[in-house]
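Breakdown of the fold
Given next are the chains, with one letter for each unit.
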Amino acid sequence: MKSTLIEDETFNSGRYSSEELKQLSKNIDLYCKDKDLQDRFDIFNYTGKNRIKKRNTIEFYSYMCKGLNRRKISVYNAAHRMCLGHTKKGQFTKEEIEKLIKLHEINGNNWVKIGIDMGRNGRSVQNKMDAMQNSKIYNSGKWNEKECTNFLEAIAECKGNNVSYSDMPWDDIILKVKTRSIEQCKNHWVQSVIVQTRKWNPIKNYRLIKRIYKQKPVHQFSIDWKLIEKKFKYKYQIPFLQRKFKFMKSQSKCTKKSTDFQEQLVYIMLYVKS
């Protein structure tokens, strides 16, 4: 154990000196020459199985580390920066989006090549293209009533099977919702459903039923949910309120006690108060 610590201390650390950068550049050029690579970026322009086939790890480091008293990971990162350059971060400009579309038409899904041409990370370029493609298929902005209802029904089916959030079958949920992506559904679940559930309490159960009762609806389909939604301090979504009402109605068993909807509401209020 001590010997490894002593060996680690012998490596240089910190920024690369001009001499080290020159040596690394020579090592890269020599590697490209011996491997018949036309451009430096070809060294890192493959992943997965192709990476293993095209580049022998031991041989790669024997070239790159020559004349450098640095750890292998340090040399790898420095070579990666030298070959691919520093990548931009932040939002894409309009010019970059136009360039991305053109490069994607030319290079297809070669995200590494596109990223190099744009001076960005390949993963960020891929994510941006996926987001743009999803925007053509899925809706954006505030969820409408139908989307919320479909979403809550899909979640209810999952919860009925005792599925946790981490194991939620989001692929099945987006098929039910149809107009939203997986990320949108996840965000909606966290920001709307979970947050609203936390803010809800038993007192609001009574207020909800009381406000419905004051409308004097003939049946549940004549309830003005938009009016009830406005009366709450927090903007609870209509499907959320409907779900709460249905739950209390089923728990109170009011339908067995009376066929009149007004009387049913009274039984629900008594149930909530108890």
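Everything numeric in this text was worked out from a predicted model, so none of it was measured. (Residues numbered from 1 in each chain as written. Predicted model: local features only at pLDDT ≥ 70, side-chain atom pairs only at ≥ 80, totals over all residues. Heavy atoms only, no water.)

Across the interface, helix α12 (residues 202-214) lies against helix α14 (residues 238-252) with an axial gap of 11 Å and an inter-helix angle of 95°. As judged from the angle between their axes, α12 and α14 are roughly perpendicular. Only Leu241, Lys244, Phe245 and Met248 of α14 make contact with α12, whose side of the interface consists of Asn205, Leu208, Ile209 and Ile212. By residue class, the composition of the contact of α12 with α14 is 6 nonpolar, 1 polar and 1 charged. (Axes fitted to C-alpha atoms, helices over the stretch in contact; angles between N-to-C directions. Helix = DSSP H or I, 4+ residues; strand = E, 2+ residues; numbered from the N terminus. Parallel < 35°, antiparallel > 145°, perpendicular 65-115°, else oblique. Contact = heavy atoms within 4.5 Å. Nonpolar A, V, L, I, M, F, W, Y, C, P; charged D, E, K, R; others polar.)

Moving on, we come to the packing of aromatic side chains. Summed over all chains, the structure comprises 8 aromatic pairs. A centroid spacing of 6.3 Å and a plane angle of 70° characterise the contact between Phe60 and Tyr76, whose relative ring orientation is edge-to-face. Separated by 16 residues along the polypeptide, Phe60 in helix α4 (residues 57-64) and Tyr76 in helix α5 (residues 72-84) bring together distant segments of the chain. Residue class for Phe60 comes out buried when judged on its relative accessible area of 1%. Centre to centre, the rings of Trp143 and Phe151 are 5.4 Å apart; their planes meet at 75°, and the pair counts as edge-to-face. Each member of the pair, Trp143 as well as Phe151, is classed as buried. Among the aromatic residues, those joined into a cluster by ring pairs are Tyr31, Phe60, Tyr61, Tyr63 and Tyr76. It is Arg70 that lies over the ring of Tyr16; its NZ or CZ is 4.0 Å from the centre. The ring of Phe92 carries Arg120 above its face, with NZ or CZ at 4.0 Å from the centroid. (Phe/Tyr/Trp six-rings, centres within 6.5 Å; stacked < 30°, edge-to-face > 60°. Buried < 20%, exposed > 50% of the residue type's maximum accessible area, 1.4 Å probe, protein only. Lys NZ or Arg CZ within 6 Å of the ring centre and 35° of its normal.)

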